[in-house]
Number of protein chains: 2
Amino acid sequence: MDQVFSYQHLFSFTQQVFLAMGCSEADAATASKALLAADIRGIDSHGVARLSGYVRLWEAKRINATPNIRIIHETPSTAVVDGDSGLGLVVAPFAMQVAIEKAKAVGSGWVSVQNSNHFGIAGYHAMMALQHDMIGMAMTNASALVAPTFSNERMLGTNPIAVAVPAGNEPPFVADMATTTAANGKLEILQRKNLEAPMGWIQDAEGHSTTDAHALKNKGALLPLGSDKEHGSHKGYALGSVVDIFSAVLSGANYGPWVPPFPAYVPMPQNQPGKGLGHFLGAMRIDAFRKAEEFKKDMDQWIRRFRDAKPIEGYEKVLIPGDPEREFEAIRMKEGIPLLHTVTEDLTEVGRKFNLNL
Amino acid sequence: MDQVFSYQHLFSFTQQVFLAMGCSEADAATASKALLAADIRGIDSHGVARLSGYVRLWEAKRINATPNIRIIHETPSTAVVDGDSGLGLVVAPFAMQVAIEKAKAVGSGWVSVQNSNHFGIAGYHAMMALQHDMIGMAMTNASALVAPTFSNERMLGTNPIAVAVPAGNEPPFVADMATTTAANGKLEILQRKNLEAPMGWIQDAEGHSTTDAHALKNKGALLPLGSDKEHGSHKGYALGSVVDIFSAVLSGANYGPWVPPFPAYVPMPQNQPGKGLGHFLGAMRIDAFRKAEEFKKDMDQWIRRFRDAKPIEGYEKVLIPGDPEREFEAIRMKEGIPLLHTVTEDLTEVGRKFNLNL
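**Student:** Would you explain the overall build of chain A in this entry?
**Tutor:** For chain A, the helix and strand inventory stands at ten helices and twelve strands. The C-alpha atoms of chain A give 20 Å as radius of gyration, which agrees with the globular expectation for 358 residues (21 Å, within 12%). The principal-axis extents of the C-alpha atoms in chain A amount to approximately 50 × 50 × 45 Å. Relative to its 358 residues, chain A shows a buried fraction of 59%. Looking at chain A alone, contacts between residues at least 24 apart form 62% of all its contacts between residues at least 6 apart.

Put into structure tokens, the structure is as follows:
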């Protein structure tokens, strides 16, 4: 049975762990908020289930708990941030804040980040812009699990793109998506339950499409959004590549197959061309284009019109990007966050390292 | 049999047609270059095959041959351009030039466009940035042909995204993709040949996936990249939505089902919330992030590493976005552009209107 924890309980535990790693009070709070944003929004694969992974990276000295995060190059609307091997959960909010300040000053801000680590869910960082009446964008590269069209080699991470757009009376539009057909987290659920994956999610060691959910661990690969050439996998491959280039080639981080792996036990790729992994954050002030009130009125109409689209028989309604996560958030803030037994055990073990009780 | 024309011949004919419509010398040249960029790059659906469509929109007074294209709002890094109902083929290059100038001044430039018309291929406009050592981006919305996930109503256009990234010794990275599983042009080819479409490209009048290529004309719809929910169609839907919002809600153009249709005989949607259709253009100066030479060296390495990825047995090699179009361009600049008999007839008919010989 899943055990259920309140948001506040998990937040406080996570914060204690980051403090025990040596993070400052402010960084521990920032990182916990970013990490828990995944659990609260129903993206279980990217939340506290990964806390032990971050701890192991810190133990392997690949995460610096007291980084000197700084701007190393900038213009009025752009910057490159060096994350100093800090938690991506801290580095990305820093970089997003830089983007927001630049957008305040000159209309938009675009920040590419080098020397960082995994940053949790992209949507959290993009959503930081909303309270400023700005559109927010966030991308990150990640270690290679995805085979480009025609490739029998993993070359890209699941490289997500998030875009958050404020509305007026309606909730914001929040798209947050891996550039693969299916997120790795969904595959992990099937592996755990020994179920087959739908055709088009993964390829096997020979590069053939397969329903074997375990193929990814046996020299297989995730497939780009589109699944195969006939269904546009070259587009998913191109999108993942754009994320990789904006996040890493633009910042001087590692790209393609050279991105550092998340599991601390996996050896680092040889001959890395850059530093750490990379992110790309952006903010555009709405009233740098038109009056924010007019925009929001149109955005409300956009959202309502799409919600009112005639559904296919058998389906209740057409959703707006962000709806499923908002539903999770409403339920979990009230009823708590259910954790798999294995995750609870894992967190208990993490707590033991630092003399903390879950 | 296809008839083959030289690039120069078709360029000169197209230019004469735009001049006969009343365009200035400069605009006629700009529009012809943008339109022909499709034919030369092998995207036959978006090139001279559409010239008669532009002429009919002009005849219907929906295209203004002598527009007063102007910036109606701006900040150092952003602008909104009013296209004054001009040819998108002229309005988009104007807006992209604004983005480029802003990027020169403050690192990046982002321009949302209202009151425009179809702009040809997105890739052409994005590629304008390359010669300035900038990354270029271009998007446009278009009349609704695409059904969001669970929707039995067409709500979005094929809303393409293009991203062009300069390299050093290697050719540039140029992604140019409709946010649907298949571009409408590919479907038109199947319709013409009475062939079946692959499952996952379109849905029929009831919203069920179908292989009937004619279903689109019988109240069906194109499907977003991903084809169905299980394969990520909600991601293609989200991407198409972002294009719609950036192009039209941000500029004050028409969005969603209100975008003006390309065929002049199709009535305009009722209660339109904005003006014309919308585009979104962006430029980022490479050296606003890091030294252009360093970036290009890394971009060369990125491209070579991906090209060298181990191909799946039976496939020759892994391609870089832009490779297929470059191959077309090399061949067609030398051997000419083959046009279908129906297109040649259509162009001859257009010529007759203006006393021009194809």
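**Student:** Explain the sheet that holds strand β4 (residues 108–116) of chain A here, please?
**Tutor:** Pairing between the strands of a sheet comes from backbone hydrogen bonds, and it takes one of two forms, parallel or antiparallel. Residues and elements named next belong to chain A. If you walk across this open sheet you meet the seven strands as β2-β3-β4-β11-β5-β6-β7, and the pairing is mixed. Two strands bound the open sheet, and with one partner strand each, they are β2 (70–75) and β7 (173–177). The mean inter-strand angle of the sheet, taken between neighbouring strand axes irrespective of direction, is 10°. By the bridge criterion, seven bridges tie β4 to strand β11 (residues 277–285) in an arrangement that is antiparallel. Paired with Ser112 across the bridge in β11 is Phe280. Sitting on the sheet, helix α7 (residues 233–249) touches β4, β5 (134–140), β6 (161–165) and β11, and the angle it makes with β11 is about 90°.

**Student:** Is there a simple way to explain the pairing of strand β2 (residues 70–75) of chain B in this structure?
**Tutor:** The side chains of a regular strand alternate, residue by residue, between the two faces of the sheet. All names here are of chain B. Note that β2 and strand β3 (residues 78–82) share five bridges and pair antiparallel. Paired with Ile71 across the bridge in β3 is Val81. Following β2, the chain reverses through two residues before pairing antiparallel with β3.

**Student:** Please clarify how the environment of Lys334 of chain A should be interpreted in this entry.
**Tutor:** Residues and elements named next belong to chain A. Along the polypeptide, Lys334 turns up in helix α9 (residues 323–335). Taking the number of C-beta atoms within 10 Å as the measure of exposure, Lys334 has 9 and is therefore exposed. Each C-alpha atom of the pair Lys334 and Ser32 lies 19 Å from the other, and the pair is 302 residues apart in sequence.

**Student:** Help me understand the relation of the copies chain A and chain B in this model?
**Tutor:** Look at the two chain copies: a rotation about an axis and a shift along it is all it takes to match them. With an RMSD of 0.0 Å, the operation that places chain A on chain B is a rotation of 180° combined with a shift of 0.0 Å along the axis. In short, the pair behaves as if placed about a two-fold rotation axis. When each C-alpha of chain A is compared by its distance to the rotation axis, Gly226 of chain A comes out closest, at 2.4 Å. When the interface residues of chain A are mapped onto chain B, 100% of them are again interface residues, pointing to one common binding face.

**Student:** Just to check I follow, could you spell out the nonpolar core for this structure?
**Tutor:** Looking at soluble globular proteins, one finds that nonpolar side chains tend to be buried together. Among the nonpolar cores identified, the biggest contains 246 residues, and Ala95 of chain A together with Ala95 of chain B are the most heavily contacted of them. For Ala95 of chain B, the residues in contact, after removing those within four places along its chain, are Val81, Val111, Val113, His279 and Leu281 of chain B.

**Student:** Please explain unusual backbone geometry as it appears in this structure.
**Tutor:** Leave glycine aside and you will find that most residues have negative phi; peptide bonds, for their part, are mostly trans. Backbone geometry at Ser85 of chain A places phi at a positive 60°, although glycine is not the residue there. Within the fold, Ser85 of chain A resides in the loop between β3 (78–82) and α4 (88–106). The exposure class assigned to Ser85 of chain A is buried, which follows from the 22 C-beta atoms found within 10 Å. Positive phi outside glycine occurs at Asn355 of chain B, with the angle close to 60°. Mapped onto the elements, Asn355 of chain B comes out in the segment after α10 (341–353). When the 8 C-beta atoms within 10 Å are taken as the criterion, Asn355 of chain B is described as exposed.

**Student:** I'm lost on the pairing of β5 of chain A in this one. Help?
**Tutor:** All names here are of chain A. Taken across its seven residues, β5 has seven buried, putting it largely inside the fold. What you see with β5 is no split at all: Met134, Gly136, Ala138 and Thr140 on one side and Ile135, Met137 and Met139 on the other are buried throughout. With seven bridges connecting them, β5 and β11 associate as antiparallel partners. Residue Met137 lies in a different strand from β11, and its bridge partner there is Gly282. As paired strands, β5 and β6 are joined by four bridges and run antiparallel to one another. Each residue of the ladder has a partner; that of Ala138, found in β6, is Ala162.

**Student:** What am I meant to see in the domain arrangement of chain A here?
**Tutor:** A common measure of how large an interface is: the accessible area buried when the components associate. Residues and elements named next belong to chain A. Partitioning chain A into domains gives domain 1 (1–64 + 338–358), domain 2 (67–179 + 226–287) and domain 3 (182–222). The distance between the C-alpha centroids of domain 1 and domain 3 comes to 27 Å. Contacts between the two partners involve four residues from domain 1, matched on the other side by four residues from domain 3. Split by residue class, the side of domain 1 that touches domain 3 holds one nonpolar, two polar and one charged.

**Student:** Looking at this structure, how should I read the sheet that holds strand β10 (residues 221–222) of chain B?
**Tutor:** All names here are of chain B. Read from one edge to the other, the open sheet built from three strands follows the order β9-β8-β10, with strand pairing classed as antiparallel. Here the strands that pair on one side only, and so sit at the sheet edges, are β9 (209–210) and β10. Across two bridges, the pairing between strand β8 (residues 202–203) and β10 is antiparallel. Each residue of the ladder has a partner; that of Ile202, found in β10, is Leu222.

**Student:** Even after reading the chapter, I still don't get helix α9 (residues 323–335) of chain B, so can you show me in this structure?
**Tutor:** Residue pairs spaced three or four apart in an α-helix point in one direction, given the helix's 3.6 residues per turn. In a regular helix each residue adds 1.5 Å, so 13 residues correspond to 18 Å; α9 of chain B covers 18 Å between its end C-alpha atoms and thus fits that length. After α9 of chain B finishes, the residue Gly336 of chain B shows a positive phi value of roughly 95°.

**Student:** Help me out: how do you make sense of α4 of chain A in this one?
**Tutor:** All names here are of chain A. End to end, α4 covers 26 Å across 19 residues, agreeing with the expected 27 Å (1.5 Å per residue, within 8%). With respect to burial, α4 is a largely interior element, 15 of its 19 residues being buried. Following α4 by one or two positions, Gly107 has its phi on the positive side, about 105°.

**Student:** Even after reading the chapter, I still don't get the confidence of the model for chain A, so can you show me in this structure?
**Tutor:** A low pLDDT means the predicted coordinates there should not be read in detail. Confidence in the prediction of chain A, expressed as mean pLDDT, is 97, and 100% of residues score 70 or more. Prediction confidence for the complex, expressed as pTM and ipTM, is 0.98 and 0.98 respectively.

**Student:** How should I be thinking about the interface of chain A and chain B in this particular structure?
**Tutor:** The partner chain B presents 67 residues to the 67 residues of chain A that form the contact. Among the elements that make up the side of chain A that touches chain B, the one with the highest residue count is helix α8 (residues 292–307) of chain A (seven residues). Split by residue class, the side of chain A that touches chain B holds 37 nonpolar, 21 polar and nine charged.

What counts and how
Residues numbered from 1 in each chain as written. Chains lettered and ligands numbered in written order. Predicted model: local features only at pLDDT ≥ 70, side-chain atom pairs only at ≥ 80, totals over all residues. Helix = DSSP H or I, 4+ residues; strand = E, 2+ residues; numbered from the N terminus. Rg over C-alpha atoms; globule rule 2.2 N^0.38 Å. Buried ≥ 20, exposed ≤ 12 C-beta atoms within 10 Å, placed from the backbone. Contact = placed C-beta atoms within 7 Å. Pairing = 2+ DSSP bridges. Axes fitted to C-alpha atoms, helices over the stretch in contact; angles between N-to-C directions. Least-squares fit on C-alpha atoms with pLDDT ≥ 70 in both. Core = buried A, V, L, I, M, F, W, Y, C linked by C-beta atoms within 7 Å. Domains from an automatic or database assignment. Nonpolar A, V, L, I, M, F, W, Y, C, P; charged D, E, K, R; others polar. Expected span 1.5 Å × (residues − 1). pLDDT = per-residue confidence, 0-100.

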